[in-house]
Amino acid sequence: MQPGDTLWGIATRHSGRQGRDATVEDIRRLNHLDGYSIDAGQRLILPRTR
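S.K.: What am I meant to see in the environment of alanine 11 here?
M.R.: Turning to its location among the elements, alanine 11 is positioned in helix α1 (residues 7-15). Judged by relative accessible area, which is 0%, alanine 11 ranks as buried. Through-space distance from the C-alpha of alanine 11 to that of threonine 23 is 5.5 Å; in sequence the pair is twelve residues apart. The residues touching alanine 11, leaving out its near neighbours within four places in the chain, are Gly16, Arg20, Thr23, Val24 and Ile27.

Okay, structure coming up:
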């Protein structure tokens, strides 16, 4: 992750705009995130692409 990255930006790059909201929730679940904040340099587990 880089400074300025957001869950929505990562989800859009990972799954495309149509699957973004579901991908955000998948990322939160896989990484046990309570909220929507992430830190620069934080490693995230991403869901498999469909």
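S.K.: Help me understand unusual backbone geometry, please; the structure alone is not making it clear to me.
M.R.: For residues besides glycine, phi is generally negative; the peptide bonds are generally trans as well. With phi around 55°, histidine 32 is a residue other than glycine that occupies positive phi space. Within the fold, histidine 32 resides in the segment after α2 (20-30). With a relative accessible area of 71%, histidine 32 lands in the exposed category.

Cut-offs applied
- Residues numbered from 1 in each chain as written.
- Predicted model: local features only at pLDDT ≥ 70, side-chain atom pairs only at ≥ 80, totals over all residues.
- Heavy atoms only, no water.
- Helix = DSSP H or I, 4+ residues; strand = E, 2+ residues; numbered from the N terminus.
- Buried < 20%, exposed > 50% of the residue type's maximum accessible area, 1.4 Å probe, protein only.
- Contact = heavy atoms within 4.5 Å.

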